[in-house]
Amino acid sequence: MSQISGSFRSPPAEVYGSFGADPDYVGADGSLLSSSTQRRRRRWVICGGLLVIVAIVAIVLGVTLGNNDTSTRSVPPASSGGVGVNQQGGDTTGNTGSTAAPTPAPSGAPTEGGVSSEEQQLQALLPLLKAASVDDGAALSQTDPPSPQYEAAAWLSADPGVGTMSDGRKITRYALSTLYRATSSAVGSQWNAVGGWDQYSLDECEWNGVECRADGAVTMLNITFNNIRGELPREVLMLENLETILFGSNAISVFPAFLSGLKSLREINLSSNAIAGPLPAEIGEFKSLEVLELESNGIEGELPDELTAVTTLRVLRLSDNGIAGQIPPEIGNLVNLVDLRLFENVIGGPIPPSIGSMVRLEVLVVSKNNLSGPLPAELFGLTELVELILDENALTGTVAPELGNLRNLEYLRLDTNQFDGALPSTIGNLVNAIMLRFDENKLTSTLPDTIGNLQACEEFRVDENEMSGSIPTTIGLMKNVVEFRLDGEGREDGMEGNNFQGTIPTEVGTMESLAYFYVNDNSINGTIPTELALAQDLQLLYLYNNPELTGTVPTQLASLSSLESLFLDGTNLQGEIPAEICAIRAPEDSETGLVELTADCLDEPPGSAKLKCSCCSECFEAAEQPAVVTPSTPAPGSTEPVTAAINGTTINATSVTDKELPVVSEPTSAPAPPPTIDIGAVLDSAVDEAFQDQSSLNMLLDEAIQDASLKDLILNASPDSMAALSDANSPQFKALVWLSDDPNLDSYDDQRKIDRFSLASFYLSSTPEPWIDRTGWNGYGDECDYYGIECEDTRVVALNLTENNVRGTLAPEIGNLASLLTLILTDNDIEGPIPGALGRLSNLEVLRLDDNDLTGGLPTTLGDMVNLRSLRLDDNELTGAIVTDLGKLSVLVELRLEINEFTSEIPTEFGQLVNLRVLGLYDSSEDDSNLLTGTLPCASLGNLASVESLILNDNELSGTLCTEFATMSSLRELRLDKNFITGAIPPELTEMEWLEALVLDGMHTRDMGHAVLFLKDSIFFLSDSLYLSVHNTQIPPELTEMEWLEALVLDGNNITSTLPQGIGKMTELQVLRLHDNFMTGTIPNSIAGLKNLFLLRLNENGFSGTIPTQIGALSNLEELRLDSNFLSGTIPPQLGDITNLDELRIEGNALYSSIPSQLGRLKMLTKMVLWDSRESLNDTNIITGMIPTEIGNMESLRELVLDDQNITGPIPPQIANMASLEVLRLDVNFITGSLPPALPESLIEFRAEENAITGTLSPALGNLLALQDFRIFNNELNGPVPTELSQLSNLQILYLDGNDLNGSLDHMCPLRDTYGGFLEEMSADCKEGGKIACSCCSDCY
């Protein structure tokens, strides 16, 4: 999903002053002054007090004299922060939560006539402000009581620097000051953080939340969580260059529609305010707005139609309001929309089909509304969708197969609706989906096997439906699924719930991320598979209420160390809960471990319990044993009925069937045949009435009817047109009438008449209106002048309408163009079948219909086009078998049928295409495409001596690799990847020195009765490359002789051999991928010979020994992965010589090493993982010693993870130079000393808990504005918690407990999530008697 400018902004930094200390005795740094200094300060205070008294007397005399002069106008009192507070601005204490009390009028020295200098400055300023104002100065004239505008003007006029300001800057400061006063003092409140808005000394571009261009023009106001109240003043319009307004989480009460007057405005975020009532119609006047966020307000009424006129919108978020009515059909006008969120409103009615016009949409969230009706088909054309969230509505209909078109979907929620029918198999196309929820609907049918394709899925739910059938074995491929729910418990609305049958597949054990598995309340039978014990993350296992589940409880389940709930009641399990499982039961008062364990262990009356349990948290009464049905099959040839014994009672199965199946009666009479239409009668009758409204065609029907020779000519030359000519509305009939009206008709020979009729039929069949260029096609000009046509001697020899938006169907009359050599209709929207009449084009050499929407099968008549050299039908929706007749095209050079839906074998007749150079039959990983089956026809393919490109990947081909490939000396590219090909790689293939690309990557192999699918995310195509994946156990020794190879990719196989010493001879290698195998032995020193290597992946194997120092010679290496092996020893310093390295991963080994200082030379390194805290089958590294100071040179590194190691010494101060560092984890080590005076300002996560760090927390920590996670608990820190931490507005976790810190943490309370901030967790030593006072901490110790 693209990053949208309108995404929710983090709140601004809060600034707080010191509380509780007498300011006379506190220095600038907050420390107490010495006693002598305090005495000197007291003397100055006394003297200063006397001077103040004298000044007050003088002021009183001055005011009295002034009042006696009636020509003098008094200035009304200014509000806090206004004129008279102090000449440097209002708030000089540093306390942002309050300002000075209102003061009298300006008190400058009176001039002649008694008017103060401030009054004169104000009067001089007012004309400028009134001329620039939006109300002709009306608000500026309101002095009793003073308006916010007047107060702002008075404040500005008293600015000591106002005389040097430009007019533009005066207007800007006036507008901003008006905004401040109108939304604070004018409505009886104060902003949480003033942040300079009432200070003369600060440039307005430095005020809290104000951002400016280089020329000083204000472009952004970003003031969230600041208690901004009331209405925004219209003076905001004076900020003409304003682009962004972010006032989320305040108390603004009215939507400022007047902002449409800001022509540069691109973004408005007023979410979480107090805006009430309907959106005004004036909202449609925003002509440049791209982002509008009004979530969590009190907006009511319907969405105004005018909103859909703001076609520049990219983000529209109106969730969590009271919006009613329906989604307006005009919503489709918002074609630039990327993000639309309307959830938690009361919107009803259907989703309008016009939503299909919003082709850029990535996020659509309309959950928790009252939507009804089916999902419109147009919705499934929004292929950019990443999030589709429609849960908790009243949507109906089926889940259409077209859902599979949304291949970019990551989050899909259709739960809590009323969808019925089957879950389409096309959900398997949603390979990027992380969440798929279909629960609480009325879905029926079975769970499709294709769910095995959902390998990115973490949450899959179809519970509370009416589904049945068995659980597909392909669930074992869902490696990332955490929650999987099929439970069938009935619902309150009377639905019976799911009823899945069959056994729990053993493949569930390969669902390595599974934590929550619900299959309760179904009809699961068989035993509990022991393979469940392989799902080591399992926490909840719900198997209850499956009365046909039998056998005993596997002891292996005791190995599930994360298990919290195991429900086994309502089953037919026997025996006793194993003692090993009882051993992991948690104590009754515990909240961790196996807390819940249920079974049918209630022994009342005694001896009735089928499953004994001495440790269950709850025992239930044993359910009745289900009826066991034993069929009785008669002997072959017997006429006896089939019977079955049900609990000992024999029942005639045939009679049961007769009673339960209704009898379908035969129709009483055959349907009447359709009426026949006589072509002659149609053409010879008066049909002018059919064209009464088509006078523009100027068709002289009578003349056409009278021209019998023309009718005969067309019918004889175009037998395919006969049926169509019986319909007066068909394109062919209209083409014939058009031709008969041609003023030049008599000058044409017969073939030209046929050509013109055929072209007109094609034109009228293809919906010509949207053609991009139709020059000549709609007139009586020479057809050789039509766009896309070439002629020789008046005969049409070429028709090329590539990318011309041609639609409709392909008229069979195109087969009448007897002289046609080239027909190219590539990249259009032509639908329907390929006409068999094309086979009459015996002279055709090039036929390209690729990249259209053609359907149906291949006509066998294609084999009659014996001069065809290029046939491209790829990227359509053609189905059925590949016809063998194509083998007749002996001069064919190019045959491309890929990306269709063919399902046949490769015809052996293709071996006759001896001139073929390109054969493309592959599938596309993005489409439901070809699924060619059968074995590779090696003998036939071996005849294709001229083939240069043979592309057969992504099918279901089987067999072994063909040795015949080695004889195809013209072959440059061979792709057989992702098939079912097995067996060894023939040594002959290694001798194909002419081969540039051999791609066998990610093949399928069948193992133990079920398919195991190995897929790679991407395939590189470098020249001279080799890609292999055929489940080999050995690397052929001959492979290292292929010294010309640039890429060798063997990952994801069963290779068990060592890495050959000869690998160093492959000096042209740039990519070496051997990861995810079972390779053993040491990494050979000869690897140093791979000087051109830029990617080396040997991870996820069994390599042992040390990391060879020679690896440092690979100076071009950008990615080095040796993780998850059994490597030992130390980290070689020579790794620091690989200065181009971008990624270094060596975790999951058995290294015991310090960090070499030479690694500091890796300035381009962005990712370095030296160890992994996750559990691994391999040993884990132990990093020891001190962190070298040279690590500060790694300026590109984003993550440094060294937690739970043996790190000693201090954190080097040079770490502040790591300008890209986002994650720094040093927790659970033996680190000493104090924290560095500075840390990288890019840090998002900093964890150093459970060490021995001493000293104090520096105020400089307040500069880490990106910080979200700060954990420093269980150290030896002392002193107060700096108030500067309150500037960390993005902070989510703050753990300070287990230290010797003191003071108060209440300055952090505004950042807590309970106050509207992001800080979710904050801990300190704040229990009663502790050294820290905290009224808002989540945890006190």
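Since the structure is predicted, the reported quantities are computational estimates derived from the model, not experimental observations. Along each chain, residue indices are assigned from 1 in the same order as the chain's sequence is written. The model is predicted, so local features are restricted to residues of pLDDT at least 70 and side-chain atom pairs to those at 80 or more, both for listing and for counting; the totals for chains, interfaces and linings are taken over all residues. Excluding hydrogens and water, the side-chain figures rest on all heavy atoms present in the structure.

## A closer look at the environment of Leu568
Strands are runs of DSSP state E lasting at least 2 residues, helices are runs of H or I lasting at least 4, and numbering of each runs from the N terminus. Structurally, Leu568 can be placed in the loop between β28 (565-567) and β29 (575-576). Among the residues examined, Leu568 registers a relative accessible area of 0% and is labelled buried. Whether two residues are in contact is decided by their heavy atoms, any of which lying within 4.5 Å being enough. For Leu568, the residues in contact, after removing those within four places along its chain, are Ile528, Leu543, Tyr544, Val553, Leu573, Ile577, Thr598 and Ala599. Type-normalised accessible area, obtained with a 1.4 Å probe on protein chains alone, sets the label of each residue: buried when under 20%, exposed when over 50%, and partly exposed for intermediate values.

## Some words on the confidence of the model for the chain
Chain-level statistics for the chain give a pLDDT mean of 80 and a share of 79% at 70 or above. Taken together, the stretch residues 625-705 has pLDDT below 50 and engages in 74 contacts with residues farther than four places along the chain or on a different chain. Scored below 50 in pLDDT, residues 1002-1032 makes 113 contacts in the model with residues more than four places away or belonging to other chains. Values of pLDDT, which run from 0 to 100, indicate the predictor's confidence residue by residue.

## Here we look at unusual backbone geometry
Note the cis peptide between Asp144 and Pro145, where omega equals -5 degrees. Within the element layout of this structure, Pro145 appears in the loop between α2 (117-132) and α3 (148-157). Note that the residue after Glu604, namely Pro605, is joined by a cis bond; omega there is -5 degrees. By the element assignment, Pro605 lies in the loop between β30 (596-599) and β31 (611-612). Phi angles above zero are rare outside glycine, and Ser296 is one such case at about 55 degrees. Mapped onto the secondary structure, Ser296 falls in the loop between β8 (291-293) and β9 (298-302). Residue classification places Ser296 among the partly exposed residues on the basis of a relative accessible area of 27%. A positive phi angle is found at Thr416, which is not glycine, with a value near 60 degrees.

## Quick look at a negative patch on the surface
Patches here are clusters of residues that have more than 30% relative accessible area and form no salt bridge, with a 9 Å joining cutoff for like charges and a 5 Å cutoff for nonpolar side chains (Val, Leu, Ile, Met, Phe, Trp, Tyr). Accessibility throughout is a Shrake-Rupley quantity obtained with a 1.4 Å probe, and a residue counts as covered only by protein chains that appear here. A side-chain nitrogen of Lys or Arg and a carboxyl oxygen of Asp or Glu constitute a salt bridge if their distance falls within 4 Å. Positive residues here are Lys and Arg, negative ones are Asp and Glu, while His and the chain termini are left out of the count. All charge positions are set by atom: Lys at NZ, Arg at CZ, Asp at CG, Glu at CD. Residues Glu282, Glu285, Glu302, Asp305, Glu306 and Glu330 make up a contiguous surface patch of negative charge. By the secondary structure assignment, Glu306 is in the loop between β9 and β10 (315-317). Of the residues examined, Glu306 reaches a relative accessible area of 36% and is grouped as partly exposed.

## Examining the packing of α2 against α3
For any two helices packed against each other, the geometry comes down to the angle between their axes and how far apart the axes lie. Structural elements are reduced to axes, namely lines fitted to C-alpha atoms, with helices fitted over the stretch in contact, and the angle between N-to-C directions of any two is expressed from 0 to 180 degrees. Where α2 meets α3, the axes come as close as 8 Å, and the angle between the chain directions of the two elements is 120 degrees. Classified by the angle their axes make, α2 and α3 are oblique. Handedness of the α2/α3 crossing: right-handed. Note on element contacts: α3 touches α2 through Tyr150, Ala153, Ala154, Leu156 and Ser157, opposite Glu118, Gln121, Leu122, Leu125, Leu126 and Leu129. Working rule for angles: under 35 degrees goes down as roughly parallel, over 145 as roughly antiparallel, 65 to 115 as roughly perpendicular, anything else as oblique. Each crossing gets its handedness from the near helix: less than a right angle anticlockwise from the far helix is left-handed, clockwise is right-handed.

## Comments concerning α2
With 16 residues, α2 should cover 22 Å at 1.5 Å per step; its first-to-last C-alpha distance of 24 Å lies within 8% of that length. Of all the bends in α2, the largest measures some 30 degrees and sits at Leu126, one to four residues before the proline Pro127. Of the positions making up α2, those classed as buried are Glu118, Glu119, Leu122, Leu125, Leu126 and Leu129. Looking at the packing, one finds that the buried side of α2 touches α3 and α4 (167-182). Take the number of residues in a helix, subtract one, and multiply by 1.5 Å to get its expected span. A residue's bend is the angle separating two fitted axes: one through the seven residues that end there, the other through the seven that start there.

## A closer look at the nonpolar core
Among the nonpolar cores identified, the biggest contains 145 residues, and Trp197, Phe438, Phe460, Phe484 and Ile577 are the most heavily contacted of them. Looking at this core, the elements with two or more residues in it are α2, α3, α4, β2 (218-222), α5 (579-583) and β30. Examining the composition of this core, we find that six residues originate from one element, α4, more than from any other. Beyond its immediate stretch of four places on either side in the chain, Trp197 contacts Trp155, Leu176, Leu179, Tyr180, Trp191, Trp207, Asn208, Val210, Leu221 and Ile223. The criterion is simple. A nonpolar core is a set of buried Ala, Val, Leu, Ile, Met, Phe, Trp, Tyr and Cys residues joined through side-chain atoms within 4.5 Å.

## Describing the sheet that holds strand β72 (residues 1278-1280)
DSSP bridges decide pairing: two strands pair if at least two such bridges lie between them. Taken in spatial order, the three strands of this open sheet run β72-β74-β76, and their pairing is parallel. The open sheet is flanked by β72 and β76 (1332-1333), the only strands paired with a single partner.

## So, the state of the cysteines
Disulfides are defined as cysteine sulfur pairs within 2.5 Å. The final tally for this structure, using the stated rule, is nine disulfides. One disulfide bridge connects Cys784 with Cys791, the sulfur atoms lying 2.2 Å from each other. Every disulfide takes its handedness from the sign of the S-S torsion; for Cys784 and Cys791 that torsion is -100 degrees, giving left-handed. For Cys784, a relative accessible area of 22% puts it in the partly exposed group. For Cys791, a relative accessible area of 25% translates into the label partly exposed. Here Cys1326 engages in a disulfide with Cys1340; their sulfurs sit 1.9 Å apart. Taking the torsion about the sulfur-sulfur bond, which here is approximately -100 degrees, the covalent link between Cys1326 and Cys1340 counts as left-handed. Highlighted residues: Cys1326 in the loop between β75 (1321-1324) and β76 and Cys1340 in strand β77 (residues 1339-1340), separated in sequence by 14 residues.

## Here's the deal with the packing of aromatic side chains
A pair of Phe, Tyr and Trp rings is counted when the ring centres sit within 6.5 Å of each other, with Trp represented by its six-membered ring. The angle between the planes then sorts it: under 30 degrees is stacked, over 60 is edge-to-face, the rest tilted. Considering all chains together, one arrives at 22 aromatic pairs under this definition. Relative to Tyr780, the ring of Trp738 lies with its centre 5.0 Å away and its plane at 5 degrees, an arrangement referred to as stacked. Separated by 42 residues along the polypeptide, Trp738 in helix α10 (residues 731-740) and Tyr780 in the loop between α11 (750-765) and β36 (789-792) bring together distant segments of the chain. In this structure Trp738 comes out as buried when scored by relative accessible area, which is 16%. Accessibility expressed as a relative area gives 26% for Tyr780, which makes it partly exposed. When the ring of Phe1246 is compared with that of Phe1270, the centres are 5.8 Å apart and the planes differ by 15 degrees; the resulting orientation is stacked. Residue Phe1246 is found in strand β70 (residues 1245-1247), and its partner Phe1270 is found in strand β71 (residues 1269-1271); the two are separated by 24 residues along the sequence. The structure contains a cluster of three or more aromatic residues connected by ring pairs, namely Trp155, Tyr180, Trp191, Trp197, Tyr200 and Trp207.

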